[in-house]
Amino acid sequence: WSRNEYIHMDAHADIDEQLLEDEEKIRCPEFGHVLYLDLAPNIRGPTCVFSEYGGWANVNTTTTIVTVPAVQGRVLRFPGSAMHAVPKPTNR
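Calculation criteria
- Residues numbered from 1 in each chain as written.
- Predicted model: local features only at pLDDT ≥ 70, side-chain atom pairs only at ≥ 80, totals over all residues.
- Heavy atoms only, no water.
- Helix = DSSP H or I, 4+ residues; strand = E, 2+ residues; numbered from the N terminus.
- Buried < 20%, exposed > 50% of the residue type's maximum accessible area, 1.4 Å probe, protein only.
- Polar contact = N/O pair within 3.5 Å; in protein donor to acceptor, adjacent residues only side chain to side chain.
- Contact = heavy atoms within 4.5 Å.
- Pairing = 2+ DSSP bridges.
- Axes fitted to C-alpha atoms, helices over the stretch in contact; angles between N-to-C directions.

Participant: An account of the side chain of His84 is needed here, citing residue identities and associated values.
Facilitator: Inspection of the secondary structure assignment puts His84 in strand 6 (residues 84–86). By relative accessible area, which is 6% here, His84 ends up buried. Among the polar contacts listed, one links the side chain of His84 to the side chain of Asp14, at a separation of 3.5 Å. Every residue in contact with His84, bar those within four places of it in the chain, is listed here: Asp10, Ala11, His12, Ala13, Asp14, Thr47, Cys48, Val49, Phe50 and Phe78.

Shown next, in the form of structure tokens:
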């Protein structure tokens, strides 16, 4: 999927939503990827990846967040169960 506008994306882990609906099981991909194709001028809309890769199991623990700025042509790869987010500044 893709977006053509800069919106806030809450912290989440990518999951197989159909499996969750059908069997109430959580399954994540082996890796998550973000490809920054075409960016508007001055957009750095970072992707924040949480260093604890346990998905929901670690949601209440203190963790490090790796912030990766959006740069045209960049590919970001991270463990598929990693919580990640795209914060949007309040002034946009």
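Alright, that's what it looks like, and here's the rest.
Participant: Explain the environment of Pro79 to me, using residue names and the numbers behind them.
Facilitator: Within the element layout of this structure, Pro79 appears in strand 5 (residues 75–79). Distance from Pro79 to Pro29, taken between C-alpha atoms, is 8.0 Å for residues 50 residues apart in sequence.

Participant: I'd like a rundown of the sheet that holds strand 6, residues and numbers included.
Facilitator: What the four strands build is an open sheet, ordered 1-6-3-4; its pairing is antiparallel. Of all the strands in the sheet, the pair left with one neighbour each is strand 1 (9–12) and strand 4 (65–68). Here the strands of the sheet are splayed against their neighbours by 15 degrees on average, with no regard to which way each runs. Where strand 1 lies against strand 6, two bridges are found, and the strand directions are antiparallel. The residue bridging Met9 from the neighbouring strand is Val86, located in strand 6.

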